[in-house]
Structures are given as structure tokens and as C-alpha cells.
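# Structural overview for review
What follows is the residue order along each chain.
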Amino acid sequence: MEFNLRGFWDVLTWQVNWIEAHFLWVILSSLIYLGILVWGVLTFTETLEKYAVWVEKQRDAKKNWKANLSILITVFLFFYLIIAIFEFAGRF
């Protein structure tokens, strides 16, 4: 594989088998994908923490039905997202 930006783009977009690609582009692409994964996990956990604080405030304010409805909707959306991700991944 050639050492140019086109080669990097091919590796990053999975158009070239990583075994056949230039080693530097494979390492750089792996770091980019790992960075995106870490960013996503950190953002997700921070959002969950903020959501938990909000739910506790709702429960303390005697608005239990809002907190319970919010929890139910969040759980439903979470499972819908997981199913959608696996369905999308199954197409490849």
C-alpha cells in the first residue's frame, strides 16, 4: 500500500484490508476509532450521571410520575438504540 493520504483514507473507511495496508495508516486509523469510542463512552456516562441527578431532584420534589415516566422512556429508547445498532451491524 502506498504511503499517501489516499491510502490513509482507504484504510480509515475500510476500503482496504488492514493486513495489506501501510502499518502507519493502520495505527493512525486504530487510534482515531479508539478515540471516537472513548469519547462516546465518556459522553454517555456523563449524560447518565446528569440524568440520575435530575431524576433524584424530580423524586425529591414529589414529582414521582414524571421521574418514573422519564425512566421508562429512557429505558425504551436505550433498548431501541441497541436493537437498531445490532440490526445495522447485521447488514454488513
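Relevant structure appears above.
Read on for a plain summary of the structure. (Residues numbered from 1 in each chain as written. Predicted model: local features only at pLDDT ≥ 70, side-chain atom pairs only at ≥ 80, totals over all residues. Heavy atoms only, no water.)

The subject of this paragraph is unusual backbone geometry. Positioned with a positive phi, Trp-14 is a non-glycine residue whose angle comes to about 60°. When you line up the elements, Trp-14 lands in the loop between helix H1 (5-12) and helix H2 (23-60). (Helix = DSSP H or I, 4+ residues; strand = E, 2+ residues; numbered from the N terminus.)

Of the volumes computed, that of the largest pocket is approximately 230 Å³. For the largest pocket, the full set of lining residues is Phe-44, Thr-47, Leu-48, Tyr-51, Ile-71, Thr-74, Val-75, Leu-77, Phe-78 and Leu-81. Listed by contribution, the elements that provide at least two residues to the lining of the largest pocket are H2 and helix H3 (64-90). If you tally residues by element for the lining of the largest pocket, the top one is H3, at 6 residues. When grouped by side-chain class, the residues that make up the lining of the largest pocket number 8 nonpolar, 2 polar and no charged. (1 Å grid on protein atoms, 1.4 Å probe; cavity = no way out; pocket = protein on both sides within 12 Å on 5 of 7 lines; lining within 4 Å. Points joined across faces, edges and corners; volume = space filled by probe spheres on them. Nonpolar A, V, L, I, M, F, W, Y, C, P; charged D, E, K, R; others polar.)

It is worth spelling out a nonpolar patch on the surface at this point. A grouping of Phe-23, Ile-27, Leu-31, Leu-34, Leu-37, Val-38, Val-41 and Leu-42 is seen on the molecular surface, where their side chains present a nonpolar patch of about 790 Å² in accessible area. Here Val-41 lies in helix H2. Given the relative accessible area of 44%, Val-41 is considered partly exposed. (Patch = residues over 30% accessible without salt bridge, like charges linked within 9 Å, V, L, I, M, F, W, Y side chains within 5 Å. Areas by Shrake-Rupley, 256 points an atom, 1.4 Å probe, with all protein chains shown as cover. Salt bridge = Lys/Arg side-chain N within 4 Å of Asp/Glu carboxyl O. Buried < 20%, exposed > 50% of the residue type's maximum accessible area, 1.4 Å probe, protein only.)

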